[in-house]
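Descriptive analysis of the structure
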Amino acid sequence: MGTKVSSSPISLIDQTVVPGDVVLDLSNLTNQTIKLGSGLRQDNDVISSMRAGKLKYSKPNKYWVESSHKRYVPRPEDHVLGIVVDSKADNFWVDIKGPQLALLPVLAFEGGTRRNIPKFEVGTLLYLRVVKTNAGMNPELSCTDASGKAAQFGPLRDGFMFETSTGLSRMLLSSPTCPVLEALGKKLSYETAFGLNGRAWVNAAAPRTVIIVANAIMNSVTLSGTQQRIMVEKLLEKISD
Amino acid sequence: MEIDREDGRTPNQLRPLACSRNILHRSHGSASWSQGDTKVLAAVYGPKAGTKKNENPEKACFEVIWKPKTGQIGKVEKEYELILKRTIQSICVLTVNPNTTTSVIIQVVHDDGSLLPCAINAACAALVDAGIPMKHLAVAICCCLADNGYAVLDPNKLEEKKMTALAYLVFPNTTLSVLPEGSSLVEDEPVEHGIITSVTHGVMSVDDYFLCVENGRAATASLSAFFRKNFQQSQRDPSKAG
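The rules behind these values
- Residues numbered from 1 in each chain as written.
- Chains lettered and ligands numbered in written order.
- Predicted model: local features only at pLDDT ≥ 70, side-chain atom pairs only at ≥ 80, totals over all residues.
- Heavy atoms only, no water.
- Helix = DSSP H or I, 4+ residues; strand = E, 2+ residues; numbered from the N terminus.
- Buried < 20%, exposed > 50% of the residue type's maximum accessible area, 1.4 Å probe, protein only.
- Contact = heavy atoms within 4.5 Å.
- Areas by Shrake-Rupley, 256 points an atom, 1.4 Å probe, with all protein chains shown as cover.
- Lys, Arg positive; Asp, Glu negative; His and termini not counted.
- Charge placed at Lys NZ, Arg CZ, Asp CG, Glu CD.
- Rg over C-alpha atoms; globule rule 2.2 N^0.38 Å.
- UniProt positions renumbered as here; feature names shortened; annotations may be inferred.
- Phe/Tyr/Trp six-rings, centres within 6.5 Å; stacked < 30°, edge-to-face > 60°.
- Axes fitted to C-alpha atoms, helices over the stretch in contact; angles between N-to-C directions.
- Parallel < 35°, antiparallel > 145°, perpendicular 65-115°, else oblique.
- Left-handed = near helix turned anticlockwise from the far one by under 90°.
- Pairing = 2+ DSSP bridges.
- Salt bridge = Lys/Arg side-chain N within 4 Å of Asp/Glu carboxyl O.
- Polar contact = N/O pair within 3.5 Å; in protein donor to acceptor, adjacent residues only side chain to side chain.
- Nonpolar A, V, L, I, M, F, W, Y, C, P; charged D, E, K, R; others polar.

Counting secondary structure elements, chain A contains four helices and 16 strands. Principal axes of the C-alpha set define a box for chain A whose edges measure 60 × 55 × 25 Å. With 241 residues in all, chain A has 48% of them scored as buried. A fraction of 60% describes how many contacts in chain A between residues 6 or more apart in sequence connect residues 24 or more apart. Carbon and sulfur atoms make up 51% of the accessible area of chain A, which amounts to about 12,200 Å² in all. If you average the places of the 28 positive and of the 22 negative side-chain charges in chain A, the two averages end up 1 Å apart.

The following block contains the structure:
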């Protein structure tokens, strides 16, 4: 919703912004903490946008620019799908579609000790949590949640992995359930894992189910909720005869 | 003294603009920009880890590859690559992704005058499509001088051949701001009056050069508005809005 920010004449919230647009004037807001998300930077007294997208605001004080790209900017507490590219003594090097390769410590597993280090081959697909991202350093990942439990993190076996944009993976992870997944779930049984870094994994008992689900997801990028349901119905009709 | 342009444009009128983004499947950002018949395709890959040997590892590095429509790569292409690299380094925020390299590849599809500004606009649109952090957009325009002292914007190839001098000018875009008008001034001039890049060919007097700059600056508003509108239209897809 477009809430006015202090007494500025126009508000850019929920509007499309391009790089360079000044979105907040800090001299009007004194004694407030503001949290800046992706796509915004501070330039002395103003906050301006670095990317093109929609400016979003969430109470009480979070601002960010939402946009969809093929690459990913790592943020802590994101769940991502990574592919192992190398393994060293202390870390696995994992590709998460970001500017740098990420590190997965060899002990970052539930009950992980030096004696039971998992052996991941190059090319293994893992469901991971981003632990920390600092400027200039490689991001760190973990296969446990914050309390140390495994919680379904770890390697994903079988199934089919495909790339999506970050915007599509956000839509698929939104709650309530995305319409395309709900419509597919009424007729088919499948399991999926979506990474916020633009990777999706689908597994089902039969290969044709996997292909149907993957194609339906890839087709639903530009469709609205109702259009997605119609698309899935038509697809399932064609398949069943 | 009016100047007659062959296609009937006024001296300050630009050719029809067209821009489409996200057209290439494998690249991380891509755009095609056409001004009249001049069309350029730009692709962006990155940011990828690691910088080149002589580059500062505390900043993001950009490399530009210019591919002409025909012929081998020579000095002209190397010069274009250098100009584009310096322009991109001025508009991008280099401290966000240190020790990374972003590659920008420019492919000339058709050259009908005003090629370098078209390429700069295409590269800027492709960088936006890839999500590379930028301070502002770059808006490029070509302004040339006829021998009667008249300045003409966005010439096509025939007009370029008849002109005595030409200038390629790159300005920052006009931005929306929540600040009241006139508060974001840098040394008493609005930010849009800055100039990022200027390349001149031929001989012109200082006054003529400033005339070109004034005319070019006046055209940046319409180019910025075009870019913003083009982006808003693609935002109406639910996928882009997340």
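Moving on from the model shown.
Before going further, it helps to examine the overall build of chain B. Counting its secondary structure elements, chain B contains four helices and 11 strands. A globule of 242 residues ought to have a C-alpha radius of gyration of about 18 Å, and chain B, at 18 Å, matches this closely. Summarising its shape, the C-alpha atoms of chain B cover approximately 55 × 50 × 40 Å along the three principal directions. For chain B, the exposed area adds up to about 11,300 Å²; of that, 51% sits on carbon and sulfur atoms. Both charge centroids of chain B, one from 25 positive and one from 27 negative side chains, sit 11 Å from each other.

Looking now at the UniProt feature "domain: Exoribonuclease phosphorolytic" (unreviewed entry) in chain B. If you check UniProt for "domain: Exoribonuclease phosphorolytic" (unreviewed entry), the listed places come out as residues 13-133 of chain B in our numbering. Here residues 13-133 of chain B runs as 27% helix and 35% strand, with 31 Å between its end C-alpha atoms.

Here we take up the packing of aromatic side chains. By the definition in use, this model includes eight aromatic pairs over all chains. Counting every residue linked through ring pairs, the aromatic cluster contains F92(A), F109(A) and F120(A).

Let's shift gears to the packing of helix α2 (residues 179-187) of chain A against helix α4 (residues 225-240) of chain A. All names here are of chain A. Running from amino to carboxyl end, α2 crosses α4 at an angle of 30°, the nearest separation of the two axes being 8 Å. By the angle class used here, α2 and α4 are roughly parallel. Crossing angle aside, the handedness with which α2 passes α4 is right-handed. Two secondary-structure elements touch here, α2 through P179, V180, A183, L184 and K187 and α4 through G225, Q228, R229, M231, V232 and L236.

Moving on, we get to the sheet that holds strand β7 (residues 62-66) of chain A. Residue and element names in this part refer to chain A. Strand order in the open sheet formed by four strands is β1-β6-β7-β3, with mixed pairing between adjacent strands. Strand pairing shows two members of the sheet lacking a second neighbour, β1 (16-17) and β3 (35-36), which therefore form its edges. As judged from the two bridges shared by β1 and strand β6 (residues 53-58), these two strands associate in the antiparallel manner. The residue of β6 that forms the bridge with T16 is K54.

To continue, consider the interface of chain B and chain A. Counting residues at the interface gives 42 residues for chain B, matched by 38 residues for chain A. Inspection of the region where chain B meets chain A yields one salt bridge. The salt bridge involving R228(B) is made with D21(A); its shortest N-O contact spans 2.9 Å. At the surface where chain B touches chain A, the tally comes to 12 residue pairs in polar contact (both at pLDDT 80 or more). If you list the elements that add at least two residues to the side of chain B that touches chain A, you get β3 (38-49), α2 (115-130) and α4 (206-235) of chain B. By residue number, the principal contributor to the side of chain B that touches chain A is α4(B), which donates five residues.

Sites flagged by UniProt as "domain: Exosome complex exonuclease Rrp40 N-terminal" (unreviewed entry) map to residues 34-71 of chain A. Taken end to end, residues 34-71 of chain A comprises 0% helix and 55% strand; its first and last C-alpha atoms sit 26 Å apart.

In this section: the environment of H193(B). All names here are of chain B. Checked against the element boundaries, H193 lands in the loop between β10 (189-190) and β11 (197-202). Note on H193: relative accessible area 34%, which makes it partly exposed. The spacing of H193 and N173 is 20 residues in sequence and 9.5 Å in space, taken between C-alpha atoms.

What follows concerns the UniProt feature "domain: K Homology" (unreviewed entry) in chain A. The positions that UniProt labels "domain: K Homology" (unreviewed entry) are, in the present scheme, residues 159-207 of chain A. Spanning residues 159-207 of chain A, this segment combines 35% helix with 29% strand, and its end C-alpha atoms are found 8 Å apart.

Another aspect to go through is the pattern of salt bridges. Two side chains bearing opposite charge may form a pair once their charged atoms approach each other closely. All names here are of chain B. A full pass over the atoms with the stated rule returns 17 salt bridges over all chains. Note that D154 and R9 form a salt bridge whose closest N and O atoms lie 4.0 Å from each other. Of the two residues, D154 is situated in the loop between β7 (151-153) and α3 (157-162) and R9 in the segment before β1 (17-21); the sequence distance between them amounts to 145 residues. The two residues D154 and R9 agree in class, both being buried. Salt bridges linked by common partners bring R9, R15, D112, D154 and E159 together as one network.

Residue and element names in this part refer to chain A. Packing of α2 against helix α3 (residues 207-219) brings their axes to within 10 Å, and their N-to-C directions diverge by 155°. Relative to α3, the element α2 lies roughly antiparallel. Between α2 and α3 the crossing geometry is right-handed. From α2, V180, L181 and L184 reach across to α3, where they touch I212, V213, A216 and I217. Residue composition of the contact of α2 with α3, grouped by class: seven nonpolar, no polar and no charged.

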